Amino acid sequence: MAATSRVEPIRTPDGEFDAHVVLPDSGSGPGIVVLQEIFGVGGYIKEAAERLAGIGYVALAPDLYWRIEPGIAHDHTEEGMSEAFQTAQKLDHARAVSDSVDALRALRELPEVTGGRAGVLGFCLGGTLAFAVAIESEPDVAVCYYGSGIAGLLGQSDRIHCPVLFHYGGQDPYIPLEQVEQVAACAASNDAMECHIQPDAGHAFDNHEAPMFHQPEPAGRAWQITREFLARTLPV
C-alpha cells in the first residue's frame, strides 16, 4: 500500500484543477499520469494510482472533468454509467488532451519524481487520451487500456517517440474487433509498440468496481504485462 497521498494543483492557461497524487513507500520514483474512464476520478482510478505506487511509481490522476464540474465521480452501476456517458459527451477532447499534457508537465516537476521521468497510463476514455498525449507531447511511456478512439488516431502514430503498450479485450462490445486489429497491426509494424488482446475479455475488464465489466483473470494477466512493460521502459 502506498505511503501517502495528497491533492496537487495543476496549472493551465485557463486556471487550476486538482489531481490525486499517490507516493510509493520509498517516497520517490518515476511518475505516471493515470487518465480516467468516463466515470471520473473515483475509487477505482485512485486504486489504480495506488497499484502503481505499490510498484514504485509516483502516480497522479488529474480531474479531467473539472471544466464541466470539479470532482465528478459517477457510480459504477447501470444508472451511473448512463450519467457517465452524458458527462463524457460534454467533454472537450482537445482540451482534455492539453489538460493531460499539463498534468504530465506538473508531475515531472514534482520533487518526488526522479530525473523528471514520467509516462501516461489510461483506461477506456483515458486509454484514448494517453495515446493522444503520446502524439502531442513527449511522455517516456504510454499504456493504453481499451481506448475506443485509438484506431482513428493511428495516422498520427509516426509522431510518437516513446514505447507504447495497448490492451484490448477480444470480446469488447464497444470496440469493433476490426479496429482492435488495426491497432494490433500498427503495433506489429513498430518496434516500440506492443498490443495484447485478451481473447476472453470484454470492455473495461480491469475495473473491479464495475461488476458488469470486471473480469479478474484477464485483468490479472494484463496487469502483469503492464508491470513487465513498465519495468523495461520506465524502470524504478
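Now for a description of the structure that goes with this document. The numbering scheme is per chain: residues are counted from 1 as the chain's sequence reads. Residues qualify for local features only when their pLDDT is at least 70, as the model is predicted, and side-chain atom pairs are given and counted only at 80 or more; totals for whole chains, interfaces and linings, by contrast, use all residues. Based on all heavy atoms of the structure, the side-chain values leave hydrogens and waters out of the count.

### Details of the sheet that holds strand β2 (residues 15-23)
- What makes two strands pair is DSSP finding at least two bridges between them. Every helix listed is a DSSP run of H or I at least four residues long, and every strand listed is a run of E at least two residues long, numbered separately from the N terminus. One open sheet holds the eight strands; their spatial order is β1-β2-β4-β3-β5-β6-β7-β8, and the pairing between them is mixed. Where the open sheet ends on each side, the last strands, each with one partner, are β1 (4-12) and β8 (193-198). Strand-to-strand twist across the sheet, computed as the mean angle between neighbouring axes with direction ignored, equals 20°.
- Pairing geometry for strand β7 (residues 164-169) and β8, over six bridges, is parallel. Within the sheet, the bridge partner assigned to Val164 lies in β8 and is Met193.
- Relative to the sheet, helix α4 (residues 125-136) contacts β3 (29-35), β5 (113-123), β6 (142-145) and β7, its axis offset from that of β5 by approximately 135°. Lines fitted to the C-alpha atoms define the axes, with helices restricted to the stretch that makes contact. Angles between their N-to-C directions range from 0 to 180 degrees. Note on contacts: a residue pair is in contact if any heavy atoms of the two residues lie within 4.5 Å.

### Regarding unusual backbone geometry
- Even without glycine at this site, Cys124 takes up a positive phi of about 60°.
- By the element assignment, Cys124 lies in the loop between β5 and α4.
- Think of it in three bands: with a 1.4 Å probe and only protein chains considered, a residue is buried below 20% of the maximum accessible area for its type, exposed above 50%, and partly exposed in between. Assessed through its relative accessible area of 15%, Cys124 is described here as buried.
- Despite not being glycine, Ala204 has its phi angle at roughly 50°, a positive value.

### As for the pattern of salt bridges
- Salt bridges are defined by distance alone: a side-chain nitrogen of Lys or Arg within 4 Å of a carboxyl oxygen of Asp or Glu. Counted by the stated rule, this structure contains 13 salt bridges.
- A salt bridge links Arg67 to Asp14; its shortest N-O distance comes to 2.9 Å. In this pair, Arg67 sits in the loop between β4 (58-62) and α2 (78-89) while Asp14 sits in the loop between β1 and β2, placing the two residues 53 residues apart along the sequence.
- Here Arg159 makes a salt bridge to Glu136, at a shortest N to O gap of 3.2 Å. Residue Arg159 is located in the loop between β6 and β7, and its partner Glu136 is located in helix α4; the two are separated by 23 residues in the primary sequence.
- You can call Arg159 partly exposed: its relative accessible area is 35%.
- Overlapping salt bridges bring together Arg11, Asp102, Arg105 and Glu109 as one network.

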